[in-house]
Amino acid sequence: MSFVYGSVCGFEWEMREKGVGLIFIISAPSGTGKTTVVKRLMEQVSGLRFSVSYTTRLPRPGEKDGEDYDFVSHSVFKRMVEGKEFLEWAEVLGNCYGTPRPDLKKLESEGIDLILDIDTQGAKKALKEIDQPILIYLLPPSLKVLRERLMNRSADSLEMIKFRLSNARRDVDEAHWYHYVIINDRIEDAVEKLKSIIIAARCRRVKDRVLEENKKQWEEKDG
Ligand code: ADP
Ligand code: 5GP
């Protein structure tokens, strides 16, 4: 896939399959389908990297260490907190989760955008550390559907599912300060909307560069 960023004044200005150092923060009530949607997104959009968080929770069946999370003990996590290794960290549903500090300059120079899958507390903390992240909140179509998804995932006890649902009710109240809210009804639709947001944000970030490039071309051809 290649993104055409500008076709201003008749000059094609193309940027191939690259990110521009943007940070996208995606939050959702647990069980909404965030992991599923983000995995599909990563397959379809180039120049995107998933920030692998550290967690003290145990892996679910099928989850891979270093890919879904870096699974660590409480003592290792504590040491990392003390060493200020996290951009943010939070206790979510009884476990600790932390985002490693990204090297923003390196990401930009490598043409990478980063996706942070973090909860609403983490997003608030990250806002203080990162310049202009793009905040996206994913919603399930209803609480009933969320319950069904949690049941179908077969990863939690009934008690844990109840706990996740009561947290979801509170968590949704935080959605209003996000830039975008997407309902994950059909997966394909949610992925398309996320892709549109990413492309629009990239266009916005490179706006000045596009205009400068065009100006040079105007001067060369018509000057
Ligand atoms: P989260 O990462 O938000 O906790 P998951 O990605 O683990 O959620 O998804 C929870 C369950 O819902 C999984 O069984 C997944 O296959 C299913 N799921 C995700 N998105 C959809 C969707 N749009 N429609 C139906 N089922 C979905
Ligand atoms: P799960 O255990 O279902 O994978 O994730 C539970 C919750 O933890 C989700 O809301 C997820 O977004 C959040 N989470 C995952 N990684 C991080 C992180 O690094 N920091 C914070 N604050 N939350 C995280």
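No experiment lies behind these values; they were computed from the predicted model shown. (Residues numbered from 1 in each chain as written. Chains lettered and ligands numbered in written order. Predicted model: local features only at pLDDT ≥ 70, side-chain atom pairs only at ≥ 80, totals over all residues. Heavy atoms only, no water.)

Asker: Describe in detail the site of ligand 1, supporting the description with residues and values.
Answerer: Taken together, Ser30, Gly31, Thr32, Gly33, Lys34, Thr35, Thr36, Arg149, Arg153, Asn184, Asp185 and Ile187 are the residues near ligand 1. In the model, a nitrogen atom of ligand 1 is placed 3.1 Å from a nitrogen or oxygen of the Arg149 side chain. The fraction of the free accessible surface of ligand 1 (570 Å²) that becomes covered by protein chains is 75%. Contributing elements (two or more residues each) for the shell around ligand 1: α1 (34–44) and α5 (143–153). For the shell around ligand 1, the element with the most residues is α1, which contributes three residues. Class assignment of the residues belonging to the shell around ligand 1 gives a composition of one nonpolar, seven polar and four charged. (Near = heavy atom within 4 Å. Polar contact = N/O pair within 3.5 Å; in protein donor to acceptor, adjacent residues only side chain to side chain. Areas by Shrake-Rupley, 256 points an atom, 1.4 Å probe, with all protein chains shown as cover. Helix = DSSP H or I, 4+ residues; strand = E, 2+ residues; numbered from the N terminus. Nonpolar A, V, L, I, M, F, W, Y, C, P; charged D, E, K, R; others polar.)

Asker: Would you mind going over the domain arrangement of the protein chain in detail, with residue names and values included?
Answerer: Along its sequence, the protein chain is organised into domain 1 (15–51 + 111–218) and domain 2 (52–101). For domain 1 versus domain 2, the separation of C-alpha centres amounts to 19 Å. In this complex, domain 1 contributes 20 residues to the contact, which on the side of domain 2 involves 15 residues. Taking both partners together, domain 1 and domain 2 bury about 1400 Å²; carbon and sulfur atoms supply 54% of that area. Summed over the three residues of domain 1 that lose the most area to domain 2, namely Ser51, Lys125 and Glu129, the buried surface amounts to 27% of that side. For the interface between domain 1 and domain 2, the tally reads two salt bridges. Here Arg101 ties to Glu129 by a salt bridge, and the two come within 3.4 Å at their closest N and O atoms. Among the secondary structure elements, those contributing two or more residues to the side of domain 1 that touches domain 2 are β9 (113–117), α4 (120–129) and α6 (158–172). A total of five residues in the side of domain 1 that touches domain 2 trace back to one element, the largest contributor, which is α4. When its residues are assigned to classes, the side of domain 1 that touches domain 2 shows eight nonpolar, five polar and seven charged. (Domains from an automatic or database assignment. Contact = heavy atoms within 4.5 Å. Buried area = accessible area lost by both parts, 1.4 Å probe. Salt bridge = Lys/Arg side-chain N within 4 Å of Asp/Glu carboxyl O.)

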